[in-house]
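Structural overview for review
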Amino acid sequence: MDRRRLIVTIDGPGASGKSSTARGVARALGIPYVSSGMLYRAAALAVLREGADPGDEEAVMRAVARHRIRLVPRVEGDRVFLDDEEVTEKLHTAEVDRVVSPIARHPRLRAWVNEALKELEPPFVVDGRDMGRVVFPEAPYKFFLWADPRVRAERRARQRGEDPRKVEAELRARDERDRAQTEPAPDAVFLDTSGMTLEEVVDRVVEEIRRRDP
Ligand code: DC
């Protein structure tokens, strides 16, 4: 495979294991990992800091335009900067979770994220909701991860030390809000990861890539 064309897309609902899988696959292939959700999350942080109304597209775009948001892709995971401040560790809070999906519905914000992603030079592994279907339809390797909401909630609750039932309720609400943009590409490999360990999912994805392109 020509490395300049090597794009691996990993899409799926919240807490389906996309980011851990994408990170593992990137490490196995020795290429950077790009998280599109981190750009939406950085935009959400800008909206929170500006006190903008997440439902008002114009206000959201104004809040985003007031800051310089940069994504620096790395094999171990992206670093995100809001102006000169590194905010990578501040993007997985319940507050950001609540704001991110209402703002991710605005077409102008989606266009802003998609443009930033299209400027990145392959090779990379990218995760998100619509990477294979909308942003990189030409990507040679596409995967869609799914898992039962209860399994996903348990995984995330463990990660964050929160109550699994509360996490499950929030996750189901976010699934509902994200539904329109979370559609598998027709040529994506669909993986139900409910009964799989992270290592098994990573191995399965890497195997599929190597099988098609030894
Ligand atoms: O993958 P994540 O949980 O970090 O994504 C955060 C939010 O951003 C999620 O609620 C939906 C939105 N998102 C999106 O709409 N499209 C993407 N490609 C990535 C994320």
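Residues numbered from 1 in each chain as written. Predicted model: local features only at pLDDT ≥ 70, side-chain atom pairs only at ≥ 80, totals over all residues. Heavy atoms only, no water.

A word on the nonpolar core
Val47, Val80, Ile103, Leu109, Leu117, Val126 and Phe136 are the most contacted members of the largest nonpolar core, which has 37 residues in total. Contributing elements (two or more residues each) for this core: helix H2 (36–50), helix H3 (57–65), strand E3 (69–72), strand E4 (79–82), helix H4 (94–104), helix H5 (107–118), strand E6 (124–128) and helix H6 (131–135). Among the elements that make up this core, the one with the highest residue count is H2 (9 residues). Excluding residues within four positions of it along the chain, valine 47 makes contact with Ala52, Pro54, Val60, Ala63, Val99 and Ile103. (Core = buried A, V, L, I, M, F, W, Y, C linked by side-chain atoms within 4.5 Å. Buried < 20%, exposed > 50% of the residue type's maximum accessible area, 1.4 Å probe, protein only. Helix = DSSP H or I, 4+ residues; strand = E, 2+ residues; numbered from the N terminus. Contact = heavy atoms within 4.5 Å.)

Concerning the sheet that holds E4
Two modes of strand pairing occur in sheets, parallel and antiparallel, and in both the strands are linked by backbone hydrogen bonds. Pairing in this open sheet of 3 strands is antiparallel, and the strands run E3-E4-E5 from one edge to the other. In this open sheet, the two edge strands, each paired with only one partner strand, are E3 and strand E5 (85–86). (Pairing = 2+ DSSP bridges.)

Points about the sheet that holds E6
With parallel pairing, the 5 strands of this open sheet are ordered in space as E2-E6-E1-E7-E8. Two strands lie at the open edges of the sheet, namely strand E2 (33–35) and strand E8 (189–192), each paired on one side alone. Averaged over all neighbouring strand pairs, the angle between strand axes comes to 20°, with direction disregarded. Taken together, the 4 bridges between strand E7 (residues 141–146) and E8 define a ladder with parallel strand orientation. (Axes fitted to C-alpha atoms, helices over the stretch in contact; angles between N-to-C directions.)

Considerations on the site of the ligand
Residues in close proximity to the ligand total 16 residues, the closest being Arg41, Arg110, Arg129, Arg174 and Asp178. At 3.0 Å from an oxygen atom of the ligand is found a side-chain nitrogen or oxygen belonging to arginine 129. At a separation of 2.7 Å, an oxygen atom of the ligand approaches a polar side-chain atom of arginine 174. A total of 440 Å² of accessible area belongs to the ligand in isolation, and the protein chains cover 96% of it. Applying the majority rule of atoms within 2 Å of the grid points places the ligand in the largest pocket. When residues of the shell around the ligand are traced back to their parent elements, those giving at least two are H2, H4 and helix H8 (164–178). When residues in the shell around the ligand are grouped by element, the largest group, 4 residues, is from H2. When grouped by side-chain class, the residues that make up the shell around the ligand number 4 nonpolar, 5 polar and 7 charged. (Near = heavy atom within 4 Å. Polar contact = N/O pair within 3.5 Å; in protein donor to acceptor, adjacent residues only side chain to side chain. Areas by Shrake-Rupley, 256 points an atom, 1.4 Å probe, with all protein chains shown as cover. 1 Å grid on protein atoms, 1.4 Å probe; cavity = no way out; pocket = protein on both sides within 12 Å on 5 of 7 lines; lining within 4 Å. Sits in = over half its atoms within 2 Å of the grid points. Nonpolar A, V, L, I, M, F, W, Y, C, P; charged D, E, K, R; others polar.)

A word on H8
For H8, with 15 residues, the first-to-last C-alpha span of 20 Å sits near the 21 Å given by 1.5 Å per residue. Within H8 the residues assigned to the buried category are Val167, Glu168, Leu171, Arg174, Asp175 and Asp178. The buried residues of H8 all sit within an arc of 130° when viewed along its axis, so they share a single face. Where the residues of H8 are buried, they touch H2, H4 and helix H7 (149–160). (Expected span 1.5 Å × (residues − 1). Arc of directions from axis to C-beta.)

Let's talk about the pairing of E6
Of all 5 residues in E6, 5 are buried; the element is thus mostly enclosed. Residues of E6 alternate between two faces, with Phe124, Val126 and Gly128 on one and Val125 and Asp127 on the opposite face, all of them buried. Two elements, strand E1 (residues 7–11) and E6, share 5 bridges in a ladder whose sense is parallel. In the strand pairing of E6, aspartate 11 is matched with glycine 128. Two strands pair when backbone bridges link them, and E2 and E6 are joined in this way by 3 bridges, in the parallel orientation. What sits directly across from serine 35, in E6, is aspartate 127.

Some points on the pattern of salt bridges
In total, this model carries 19 salt bridges according to the counting rule given. Salt-bridge contacts for arginine 204 lead to glutamate 208; the nearest nitrogen and oxygen are separated by 3.4 Å. Residue arginine 204 and its partner glutamate 208 are located together in helix H9 (residues 198–212), separated by 4 residues, close to a single helical turn. For arginine 204, a relative accessible area of 27% translates into the label partly exposed. With relative accessibility at 9%, the residue glutamate 208 sits in the buried group. Bridged by salt links that share partners, the residues Arg204, Glu208, Arg211 and Arg212 form one connected network. (Salt bridge = Lys/Arg side-chain N within 4 Å of Asp/Glu carboxyl O.)

Interpretation in functional terms is not warranted from these geometric data alone.
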